Amino acid sequence: MNFGGIDETVITREEFPLSKARDVLKDETIAILGYGVQGPGQSLNLRDNGFNVIVGQREGKTYDKAVKDGWIPGETLFSIEEAAERGTIICCLLSDAAVLSVWPTIKKCLKPGDALYFSHGFAITWPDRTGVIPPADVDVIMVAPKGSGTTVRSLYLEGRGINSSFAVEQDYTGRALQRTLAMGIGIGSGYLFETTFKREATSDLTGERGALMGAIQGLFSAQYEVLREHGHTPSEAFNETVEELTQSLMPLFAAKGMDWMYANCSTTAQRGALDWMTPFHDAIKPVMERLYNSVSEGAEAQIAIDANSKPDYREGLEKELQALRDSELWRAAETVRKLRPEGC
């Protein structure tokens, strides 16, 4: 399929239907390790699609959530180690930090011909930092949904499907690609585009720190602060910074493109957007280049490993999140959301 003049490999549900996916995986036991972010969406979609799925999770609140979702202890819900032993496709959907700590347990459970499945390239891309080096006699595969686990589930329930990337790092059985595509269709992907573990990991970490989360919060707070410092009220500053973008403009340019948006706004907005996009690009690109280099060199991976390994990580994280939550920008958001006609 052609993307802006570049041909890429894309697999759709028409080319690889659910019936084919079921046939490819009919003799497999899919063990989902971790029921946190991606685990619920992927496991429930696979179960609803008729695959043989079990879940591995430590006991605690998350384990209790799995029970509420219909996973039965001793039948379809096990400890991480027992699920890994029972599975033929072992899906590492634990957090990056948890994969590192549990890897020795997972590794000893892998049997020749098993598939080791990831939804993020982190652990495999930086093995010198993570210690995750799979044995040579297993397939190493990935399907990475381009969204949260909640979205994986909600889009499936809507009869749609999230787009996902896929990769084969190691093909021991000769069936790695078929297993990968079948898993991608089984978890509810609308379409799948080809990548590598390294490309997925570097683009994902860059995106999270850049346009998807880090950069957009920086942009929001900078514009909001400038408006407030020049006498604009919180409601006006928030509406002109966040609300109009998220509630009005983003759905439109997601559906039709930024060129359409520019062509269908006021002539004043049109001129301003065209004049100012280049200064913003020129200011931001050096920061993005620094960010990408930090990711590709493994520095960001090491920062994440070090931070997530601290015994007081959760307490420190909550303090940072609370500071964000308590900022005037996001306190203003609470009031604005209540005023939306739909009340959401």
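Data block above holds the structure.
From a predicted model like this one, the values you see are computed outputs, not experimental measurements. (Residues numbered from 1 in each chain as written. Predicted model: local features only at pLDDT ≥ 70, side-chain atom pairs only at ≥ 80, totals over all residues. Heavy atoms only, no water.)

**Structural notes on the nonpolar core**
Okay, so step 1: The biggest cluster of nonpolar side chains holds 31 residues, and the ones touching the most others in it are Ile30, Tyr117 and Met183.
Okay, so step 2: Looking at this core, the element that brings in the most residues is helix α9 (residues 176-186), giving 5 residues.
Okay, so step 3: Within the second largest apolar cluster, 28 residues are counted, among which are Leu33, Ala98, Val99 and Met142. (Core = buried A, V, L, I, M, F, W, Y, C linked by side-chain atoms within 4.5 Å. Buried < 20%, exposed > 50% of the residue type's maximum accessible area, 1.4 Å probe, protein only. Helix = DSSP H or I, 4+ residues; strand = E, 2+ residues; numbered from the N terminus.)

**A look at the pairing of strand β10 (residues 162-170)**
Okay, so step 1: Bridging between strand β9 (residues 139-145) and β10 involves 6 bridges; their strand directions are antiparallel. Bridge pairing in β10 links methionine 142 to alanine 167.
Okay, so step 2: Pairing between β10 and strand β11 (residues 189-194): 4 bridges, direction parallel. The partner of serine 165 across the bridge, within β11, is phenylalanine 193.
Okay, so step 3: Viewed along the sheet, the connection from β10 through α9 into β11 turns out right-handed. (Pairing = 2+ DSSP bridges. Right-handed = clockwise from strand over helix to strand, strands pointing away.)

**A few points about the packing of aromatic side chains**
Okay, so step 1: By the definition in use, this model includes 6 aromatic pairs.
Okay, so step 2: Centroid distance tyrosine 191 to phenylalanine 193: 6.5 Å. Interplanar angle 45°. Geometry classified as tilted.
Okay, so step 3: On the accessibility criterion, tyrosine 191 (32% relative accessible area) is partly exposed.
Okay, so step 4: Taking the relative accessible area as the measure of exposure, phenylalanine 193 reaches 22% and is therefore partly exposed.
Okay, so step 5: Taken together, Phe220, Phe238 and Trp330 form an aromatic cluster joined through their ring pairs.
Okay, so step 6: We note arginine 47 situated over the ring of tryptophan 71; from NZ or CZ to the ring centre the distance is 4.3 Å.
Okay, so step 7: Positioned above the aromatic ring of tryptophan 260 is the side chain of lysine 256, whose terminal nitrogen or guanidinium carbon lies 5.2 Å from the ring centre. (Phe/Tyr/Trp six-rings, centres within 6.5 Å; stacked < 30°, edge-to-face > 60°. Lys NZ or Arg CZ within 6 Å of the ring centre and 35° of its normal.)

**Remarks on the layout of surface pockets**
Okay, so step 1: Counted as a void, the second largest pocket has a volume near 1,500 Å³.
Okay, so step 2: Together, 28 residues line the second largest pocket, and Leu219, Gln223, Leu245, Met258 and Tyr262 are the ones closest to its centre.
Okay, so step 3: Put simply, the parts of the chain that give the lining of the second largest pocket at least two residues each are α11 (214-229), α12 (234-256), α13 (258-263) and α14 (267-296).
Okay, so step 4: Broken down by element, the lining of the second largest pocket gets its largest block of residues, 10 residues, from α14. (1 Å grid on protein atoms, 1.4 Å probe; cavity = no way out; pocket = protein on both sides within 12 Å on 5 of 7 lines; lining within 4 Å. Points joined across faces, edges and corners; volume = space filled by probe spheres on them.)

**A look at the sheet that holds strand β5 (residues 53-56)**
Okay, so step 1: Judged by pairing direction, the sheet is mixed, and its 9 strands sit side by side in the order β3-β11-β10-β9-β8-β7-β4-β5-β6 without closing on themselves. Lying at the two open borders of the sheet, with one neighbouring strand each, are β3 (10-12) and β6 (77-78).
Okay, so step 2: Note: strand β8 (residues 115-118) against β9, 4 bridges, orientation parallel. Considered in β9, the bridge of alanine 115 is made with aspartate 139.
Okay, so step 3: Against the sheet, α9 makes contact with β3, β4 (30-33), β7 (89-92), β8, β9, β10 and β11, and its axis sits at roughly 25° relative to β9, the strand it touches most. (Contact = heavy atoms within 4.5 Å. Axes fitted to C-alpha atoms, helices over the stretch in contact; angles between N-to-C directions.)

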